[in-house]
Amino acid sequence: MTVTASASEPRPPLQRWLLVWAAALAAVLVVFLLQDSVPWAVDYPANAVVPVADWVSALMGWIKSNLSWLTRSITAVLGVPLDFALNLLAKNFKIGHGADAFTLPRLSWVGVCAVAFLAGHAVGGRKLSLLVGGCFLYIALFGQWTSAMLTLALISIAVPFCIVTGLFAGIWAWRKPWAERLIVSPALDLMQTIPTFAYLIPMLLLFGNSPVSAMIATAIFATPPMVRATMLGLTRVPLEIGEFSDMAGCTARQKLWRVLLPSARPTLMVGVNQVIMLALNMVIIASMIGAGGLGYDVLLALRALKVGEAMEAGLAIVALAIALDRLSQAIAHKQAKGYVHQAANPSFWRRYPNLTLAIAILAVTTLLGLFVPAFAAVPKAITFTTAPLWKAAVNWVTINFFDAIEAFRVALILNVLNPLRAFCEGFPWLGAVFLLGLAGYQLSGPRLAALVAALTAFCAVTGLWEKTMATVYLCGISAFIACLIGIPIGLMAARSDRFEKIVTPIIDTLQVLPSFCFIIPVVMLFRVGDVTAMIATIAFAVVPAIRYTNHGIRQVSPALIEAAKVSGCTPRQTFFRVQLPLALPEIMLGVNQTILMALAMIIICAMVGTRDLGQEVFIALSKADSGRGIVAGLAIAFIGIVADRLFNAWTAKARARLG
C-alpha cells in the first residue's frame, strides 16, 4: 500500500519542469539533426520574409512628402532657441546683412570657466569647485573649447525639453494607472532599448542633416529617466502628506504642484542627473547627423585613424561628462536637504547672490573680449596638445607587444568567438522561439510566453535571424565575462569597506564615460573587429554587475545576520547561506542591467567592424534607408525587452520565494 501511494503522488514542480526542459531540448536537437528534412525550421525561408522594412520606408516616404510643412515648422520653432544657444556659447551673434552687419561676441571662455568654479563652490564646496572648474579649464587649455561649447549648447536646450516633457508624462502616468500600464511603460521600454543609431535615421530623413535633428533625437532618447523618476517620486510621497494637503483645503492642482512635487524633489533631481548624462551620450552620437562638437571630432579622428586627436577629443568628452555629472549630483543632494527660509520679497540679488555674481562675471568678461582678444578666444600660446604623446605611446606598445597582443586576439577569435558565433548562427529559429516561450511560461505564465515568442519570431520573419544571433552571441559573451568580473568585485566590495572605497571612484568614472570613449583605447591596440567590440563592451557594461552585487549584499537585514550568528554559523556560512541567497534577486537585476548595457554598446561597436544588427543600422544610416534601420533597431530593442522581461520575472519569483 505504501509503495502504491507513493507512486501515485504527483511529481514535485522542479522535477516536472526538469523533465519538460529535457524533452524540449531533445526536440530542438532532433530538429537540428534533421535540418535536411525540415530546413524551414532551422533557417527561416527567404520567400516567407515579411517586408516590414519596405512598409516602414513607404510610411516614412509618405510622411516626408505629405507632412513636410509640419517638419519644417518644427525645425523653424526649435531652431530659434538652439541657434541662440549655439551663438551664445560657441559662435558669434551676427546681426544685419552685408556691409551694415556687425557681430556680437559669444560668452568669454574666461567667464564660463569662472562661472563653473562658482557653481561648483555654491552647491558642493571647494572640492567640487576645483573639480568642475578644473574640467572646463582643461577643455580650454587642450584646444577643445569651441567643440565642447557646441556640445554644451545642444545639451542646454535638449535637457530642459526632456525635463518638462518627462515631468508631464510622468504625472499623467501616475494619475492614470491604465495609461502607465498600456501606453507609458511599453513606450519607455521601447525608447530605452532601441539603439541610439536607430534614432538618427528617421530624424535625418524628416529634419535633414542639422543640429535640430540631433537635438530631437537626443530629447527622445534622454526623456525616459525623467518619466520614470517622476512616477517613482510621486509614488514614494507618504500618504500622510497628501492627506494633510486635502485637510488644508488644497485643490488637486495645488496639491500636485505645491505639495507632492516639492516632496518628490530629491527623486526628481536624480532623474534630471540621468537626463543630463544620457543627453550628453546621445549628443556625441548625434554628431553623425549634423550636431558637430566633440563627438564629430572623435568620429573624424577614428575614421582617419588619428589616435592622438581621437584620444584628446575623447578626454574632453570625459571632462565635460564628469563636470556635468558631479554638478547635477550635488544639486540633487542639496535639494534633498531642503531650502533655507527666505525673507519676504527679497531683492533678486539677495535671493540669488551666486546667480547674480555669475551674470556679472559673464557680462564683464564678454565685454572685455571686445577689447582684449585673449578673453574672446583661448589664445593658442597657452594651449597644448598631447596627441603626439598618445601616438608615440601606442606605437611603442604596438612595436614591443604586438606579438603578444596579436596572439591573444587570434587565440580568442579561433578558440572562443568563432565557435560560439557558429553555434548561435546555426541555432534553429523555431527552436529559439519555442525555448524562450517555454521559459516565459515557466516564469510568469502564458502572457509572458506569448510576448517573448512573438518578439523572437519578429527577428526571424523580417529576415534578420542571422544578424540577430550574431548580436546575441557578441552581447552574450561580453555580458557573461562582465558578470564574471563584476560579481566577484561586488562581493569583495560588500565584505570590505576599504575595498569599496577603492572601487567606488573607479565605477563612478566608468559610469560617466560616454560610450565613444571606450572604443578609442581598445581600437588602438586590437584594431577593428569582434575582439575590440567585446573588450569595449565589457568595460562599459561591468558597472551594474559590481554596483548591484555590492548593494544587494549590504541591504540584507542585520537582524537576519545576527540570527545566523546566534545559530552558530561561521562567517563563511553566514555569507553563502544567508546573505548571498537573499541578495540573489538584486544580483540578478544587476545581470539584467549588464545585458542591456552590453546590448547598447554592441550596437555602437558597429563602427569598429562588427557584423550584426548594429552594422545593419549603421549601413542604413549611411544610406538614409529608414525602413532597414528602423526594423533592425526594433529587432535590437526586442532582444533587450526579451532579456529584461525574463530576468524581471525570474527576479520577482525569487523575491516571492524568499519573502
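Given the structure is predicted, the values throughout are model-derived calculations rather than measurements. (Residues numbered from 1 in each chain as written. Predicted model: local features only at pLDDT ≥ 70, side-chain atom pairs only at ≥ 80, totals over all residues. Heavy atoms only, no water.)

Remarks on the overall build of the protein
Within the protein, the secondary structure is distributed over 30 helices and two strands. Taken over the C-alpha trace, the protein has a radius of gyration of 28 Å; the compact-globule value for 659 residues is 26 Å, and the two agree within 12%. Here the C-alpha coordinates of the protein stretch approximately 100 × 60 × 60 Å along the principal axes. The burial tally for the protein puts 46% of its 659 residues in the buried class. The contacts of the protein with a sequence gap of at least 6 include a subset with a gap of at least 24, amounting to 79%. Taken as a whole, the protein presents about 33100 Å² of accessible surface, with 68% of it coming from carbon and sulfur. Put simply, the protein has 47 plus and 29 minus side-chain charges, and the middle of one group is 8 Å from the middle of the other. (Helix = DSSP H or I, 4+ residues; strand = E, 2+ residues; numbered from the N terminus. Rg over C-alpha atoms; globule rule 2.2 N^0.38 Å. Buried < 20%, exposed > 50% of the residue type's maximum accessible area, 1.4 Å probe, protein only. Contact = heavy atoms within 4.5 Å. Areas by Shrake-Rupley, 256 points an atom, 1.4 Å probe, with all protein chains shown as cover. Lys, Arg positive; Asp, Glu negative; His and termini not counted. Charge placed at Lys NZ, Arg CZ, Asp CG, Glu CD.)

Observations regarding the nonpolar core
Phe136, Trp145, Met149, Phe197, Leu200 and Leu320 are the most contacted members of the largest nonpolar core, which has 184 residues in total. Leu200 has contacts with Ala217, Met282, Ile285, Ala286, Met288, Ile289 and Leu621, leaving out every residue within four places of it along the chain. Ranked by size, the runner-up nonpolar core spans eight residues in total, among them Leu491, Ala494, Ile553 and Ile561. (Core = buried A, V, L, I, M, F, W, Y, C linked by side-chain atoms within 4.5 Å.)

A closer look at the packing of aromatic side chains
Counting across every chain of the model gives eleven aromatic pairs. Here the aromatic rings of Tyr138 and Phe142 are separated by 4.3 Å at their centres, their planes lie at 40°, and the arrangement is tilted. A relative accessible area of 23% places Tyr138 in the partly exposed class. On the basis of relative accessible area, Phe142 is assigned to the buried category, the value being 13%. Each ring, one from Phe168 and one from Trp257, has its centre 5.9 Å from the other, and the planes form 55°; the classification is tilted. Remark: Trp257 occurs in helix α13 (residues 252–263) and Phe168 occurs in helix α7 (residues 145–175); sequence separation between them is 89 residues. (Phe/Tyr/Trp six-rings, centres within 6.5 Å; stacked < 30°, edge-to-face > 60°.)

Some thoughts on α13
The end-to-end C-alpha distance of α13, which contains twelve residues, comes to 15 Å, matching closely the 16 Å that a straight helix rising 1.5 Å per residue would cover. Restricting attention to buried positions, one finds in α13 the residues Leu256, Val259, Leu260 and Leu261. Check the buried side of α13 and you find it contacts α7, α11 (224–236), α12 (239–247) and α14 (265–285). (Expected span 1.5 Å × (residues − 1).)

Comments concerning the side chain of Arg106
Among the structural elements, Arg106 can be located in the loop between β2 (102–104) and α6 (109–141). A polar contact of 3.3 Å, which involves the side chain of Arg106, links it to the side chain of Thr146. Contacts of Arg106, omitting those with residues within four sequence positions, involve Asn87, Leu88, Leu89, Ala90, Lys91, Asn92, Trp145, Thr146, Thr366, Ala376 and Ala377. (Polar contact = N/O pair within 3.5 Å; in protein donor to acceptor, adjacent residues only side chain to side chain.)

Looking at the pattern of salt bridges
Counting across every chain of the model gives eight salt bridges. Close ionic contact of Asp325 with Arg326 constitutes a salt bridge, the shortest N to O distance being 2.6 Å. Judged by its relative accessible area of 3%, Asp325 is buried. Of the charged contacts in the structure, one is a salt bridge between Glu616 and Arg628, with a shortest N-O distance of 3.0 Å. Linking Glu616 in helix α29 (residues 613–623) with Arg628 in helix α30 (residues 626–658), this pair joins segments that are twelve residues apart in sequence. What makes Arg628 partly exposed here is its relative accessible area of 26%. (Salt bridge = Lys/Arg side-chain N within 4 Å of Asp/Glu carboxyl O.)

Considering the confidence of the model for the protein
Model confidence for the protein is summarised by a mean pLDDT of 83, while 94% of its residues fall at 70 or above. The weakest mean pLDDT in the protein belongs to helix α1 (residues 2–8) at 44; the strongest belongs to helix α22 (residues 446–461) at 93. Low pLDDT, under 50, characterises residues 1–8; the predicted model gives this stretch zero contacts beyond four residues in sequence or across chains. (pLDDT = per-residue confidence, 0-100.)

Overview of the environment of Phe647
One can find Phe647 in helix α30. Residues contacting Phe647, with those up to four places away along its chain left out, are Met588, Val591, Asn592 and Ile595.

So, the state of the cysteines
Evaluated as defined, the whole model comprises zero disulfides. Between Cys475, a cysteine without a disulfide, and Cys483, which holds the nearest cysteine sulfur, the sulfur-to-sulfur distance is 10 Å. Of the residues examined, Cys475 reaches a relative accessible area of 6% and is grouped as buried. (Disulfide = S-S within 2.5 Å.)

Topic: helix α10 (residues 211–222)
Compared with the 16 Å implied by 1.5 Å per residue over twelve residues, the 16 Å span of α10 between its first and last C-alpha is a close match. Here α10 lies mainly inside the structure; ten of its twelve residues are buried. Restricting attention to buried positions, one finds in α10 the residues Val212, Ser213, Ala214, Met215, Ile216, Ala217, Thr218, Ala219, Phe221 and Ala222. The elements touched by buried residues of α10 are α5 (68–89), α7, α8 (177–193), α9 (196–207), α11 and α14.

Let's talk about a nonpolar patch on the surface
A grouping of Val364, Leu367, Leu368, Leu370, Phe371 and Val372 is seen on the molecular surface, where their side chains present a nonpolar patch of about 570 Å² in accessible area. Tracing the backbone shows Phe371 in the loop between α18 (353–368) and α19 (373–376). (Patch = residues over 30% accessible without salt bridge, like charges linked within 9 Å, V, L, I, M, F, W, Y side chains within 5 Å.)

Overview of the environment of Lys623
Along the chain, Lys623 turns up in helix α29. Along the sequence, Lys623 and Ile201 sit 422 residues apart, while their C-alpha atoms lie 9.2 Å from each other.

A word on the packing of α9 against α29
Remark: α9 packs on α29, axes separated minimally by 9 Å, with the N-to-C direction vectors making an angle of 20°. The angle between the axes of α9 and α29 places the two elements in the roughly parallel class. Taken as a pair, α9 and α29 cross one another with a handedness that is left-handed. Here Phe197, Ala198, Leu200, Ile201 and Leu204 of α9 come into contact with α29, specifically with Val617, Phe618, Ala620 and Leu621. Class assignment of the residues belonging to the contact of α9 with α29 gives a composition of nine nonpolar, no polar and no charged. (Axes fitted to C-alpha atoms, helices over the stretch in contact; angles between N-to-C directions. Parallel < 35°, antiparallel > 145°, perpendicular 65-115°, else oblique. Left-handed = near helix turned anticlockwise from the far one by under 90°. Nonpolar A, V, L, I, M, F, W, Y, C, P; charged D, E, K, R; others polar.)

Some remarks on the packing of helix α23 (residues 465–495) against helix α26 (residues 530–554)
Look at α23 against α26: their axes get within 6 Å of each other, and the N-to-C directions meet at 35°. When the axes of α23 and α26 are compared, the crossing they make is right-handed.

With respect to the environment of Val56
Here Val56 shows up in helix α4 (residues 52–66). Here the alpha-carbon distance between Val56 and Gly629, two residues 573 residues apart in the chain, equals 9.6 Å. Discounting residues that sit within four places of it in the chain, Val56 has contacts with Ser626, Gly627, Ile630 and Val631.

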